[in-house]
Amino acid sequence: MAQNKMANIHPNAKVAESAVVEAFATVEEDVVIGEGTWIGPNAVVMNGARIGKNCKVFPGAVVSAEPQDLKYQGEESIVTIGDNTTIRECVTVNKGTSDRMETKIGNNCLLMAYVHVAHDTFIGDNVIVAVGVALAGHMDIEDYVIIEGMAGAQQFVKIGAHSFIAAYSQIRKNVPPFIKCAREPLSYTGVNTIGLRRRGWDDEAIREIENIYRTLYVHNKNILNALNQIEEEYPDSPHKRKIVDFIKNSENGIVKRP
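Residues numbered from 1 in each chain as written. Predicted model: local features only at pLDDT ≥ 70, side-chain atom pairs only at ≥ 80, totals over all residues. Heavy atoms only, no water.

Novice: So what about the overall build of the protein chain? Which residues, and what values?
Specialist: Scanning the protein chain for helices and strands turns up four helices and 28 strands. Projected onto its principal axes, the C-alpha coordinates of the protein chain cover approximately 65 × 40 × 30 Å. Looking at the protein chain as a whole, 50% of its 258 residues are labelled buried. Here the protein chain displays about 12100 Å² of accessible surface, and carbon together with sulfur accounts for 49% of that area. Looking at charge distribution, the protein chain has the averaged site of its 27 positive side-chain charges lying 6 Å from that of its 32 negative ones. (Helix = DSSP H or I, 4+ residues; strand = E, 2+ residues; numbered from the N terminus. Buried < 20%, exposed > 50% of the residue type's maximum accessible area, 1.4 Å probe, protein only. Areas by Shrake-Rupley, 256 points an atom, 1.4 Å probe, with all protein chains shown as cover. Lys, Arg positive; Asp, Glu negative; His and termini not counted. Charge placed at Lys NZ, Arg CZ, Asp CG, Glu CD.)

Novice: So, the sheet that holds strand E21 (residues 140-141): which residues are in play, and what are the values?
Specialist: Within the open sheet, the eight strands sit side by side as E3-E6-E9-E12-E15-E18-E21-E24. Their pairing is parallel. Of all strands in the sheet, those with a lone pairing partner are strand E3 (14-15) and strand E24 (158-159), marking the two edges. As judged from the two bridges shared by strand E18 (residues 122-123) and E21, these two strands associate in the parallel manner. Of the residues in E21, the one forming a bridge with Ile123 is Ile141. (Pairing = 2+ DSSP bridges.)

Novice: Which residues make up the packing of aromatic side chains, and what values do they have?
Specialist: Under the defined criterion, the tally for this structure stands at five aromatic pairs. Here the aromatic rings of Phe178 and Trp201 are separated by 5.3 Å at their centres, their planes lie at 65 degrees, and the arrangement is edge-to-face. Highlighted residues: Phe178 in the loop between strand E26 (170-171) and strand E27 (179-182) and Trp201 in the loop between helix H1 (193-198) and helix H2 (203-217), separated in sequence by 23 residues. Its relative accessible area of 25% is what places Trp201 among the partly exposed residues. For the pair Tyr188 and Tyr217, a centre-to-centre distance of 4.2 Å together with 15 degrees between the ring planes defines the contact as stacked. Remark: Tyr217 occurs in helix H2 and Tyr188 occurs in strand E28 (residues 187-191); sequence separation between them is 29 residues. Each member of the pair Tyr188 and Tyr217 is classed as buried. One Lys or Arg, Arg88, reaches over the ring of Phe58 and ends 3.9 Å from the middle of that ring. Across the ring face of Phe122, the terminal group of Arg100 is positioned such that the distance to the ring centre comes to 4.3 Å. (Phe/Tyr/Trp six-rings, centres within 6.5 Å; stacked < 30°, edge-to-face > 60°. Lys NZ or Arg CZ within 6 Å of the ring centre and 35° of its normal.)

Novice: Tell me about the sheet that holds strand E2 (residues 8-9), and please be specific about residues and values.
Specialist: The strand order across the open sheet formed by nine strands is E2-E5-E8-E11-E14-E17-E20-E23-E26, and the pairing between neighbours is parallel. Looking along the sheet, the strands with just one partner apiece sit at the ends: E2 and E26. Here two bridges tie strand E17 (residues 116-117) to strand E20 (residues 134-135), and the two strands are oriented parallel to one another. Looking across to E20, one finds that Val117 is bridged to Leu135.

Novice: Please give an account of the nonpolar core that cites residues and values.
Specialist: Judged by nonpolar contacts, the single largest core of 68 residues is most densely connected at Ile51, Leu135, Ile159 and Tyr213. Looking at this core, the elements with two or more residues in it are strand E9 (49-51), strand E12 (78-81), E27, E28, H2, helix H3 (223-233) and helix H4 (238-248). It is H2 that provides the largest number of residues to this core, a total of six residues. (Core = buried A, V, L, I, M, F, W, Y, C linked by side-chain atoms within 4.5 Å.)

Novice: Would you mind going over the environment of Lys221 in detail, with residue names and values included?
Specialist: The topology assignment puts Lys221 in the loop between H2 and H3. Along the sequence, Lys221 and Val91 sit 130 residues apart, while their C-alpha atoms lie 40 Å from each other.

Novice: Describe a nonpolar patch on the surface, with residues and values.
Specialist: A surface patch of nonpolar side chains, about 470 Å² in accessible area, is lined by Tyr114, Val131, Met150 and Tyr168. The residue Met150 is located in the loop between strand E22 (146-147) and strand E23 (152-153) in this model. (Patch = residues over 30% accessible without salt bridge, like charges linked within 9 Å, V, L, I, M, F, W, Y side chains within 5 Å. Salt bridge = Lys/Arg side-chain N within 4 Å of Asp/Glu carboxyl O.)

Novice: Tell me what's going on with the pattern of salt bridges, and back it up with residues and numbers.
Specialist: Taken as a whole, this structure holds twelve salt bridges when the rule is applied. Between Glu142 and Lys242 there is a salt bridge, with its nearest N and O atoms 3.5 Å apart. With Glu142 in the loop between E21 and E22 and Lys242 in helix H4, this residue pair connects regions lying 100 residues apart in the sequence. By relative accessible area, Lys242 is classed as partly exposed at 34%. Of the charged contacts, one joins Glu184 and Arg172 as a salt bridge, the two residues approaching to 3.0 Å between their closest N and O atoms. Within this pair, whereas Glu184 is found in the loop between E27 and E28, its partner Arg172 is found in the loop between E26 and E27, the two being separated by twelve residues in sequence. Accessibility expressed as a relative area gives 48% for Glu184, which makes it partly exposed.

Listed below in structure tokens is the structure:
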């Protein structure tokens, strides 16, 4: 381990040999840091942190602080961060409570400066969260989501895979997969076609997704009727199933059309 003499690393912390901990960083006792991970100056990695391989934790970040939840009773919970994830300056990631006992961030994620990830929130792989976004507790954010800067989300919201959320958005309802959202109140503004093409989705699949959402948001005012029509008229496919199942399981409702 490349340990700077001015770093504060507990002797019982499990820090990989190839990890680097810079000056004035703090690593507490119940911490695991994987191969090739860099902990920048003045970063704080607290008890319960489980950080994967080849991650970067920039100065001023705090990983695995106690949750900001008055119901927290000191239960031993954790923060899990996957491989190749970057946590920029002054990001805060709070560990879980008795609800899930864990806050989780996947592989290949980028959390830009000043992002807050609250307790019991699960973030998938390849997610980008831009500067100043505040994610409340108990959220589920699926793979390949992009949230632009200064957005805020309330507790228990779910954000579907490959969705894109505009800057300064207030996220109060679930966001189905594959779509773009903007405006206030947050509303459906189309399918995230550009993002899907960048990730190698073919035109036929994208057209089907567009048609499904046209049925849902343009041709119908009643979600149940729209789901029945989608089930009857569109051939079964992984993306159709993902959309339908997400909406059926959205007890708190989904974003509407403007």
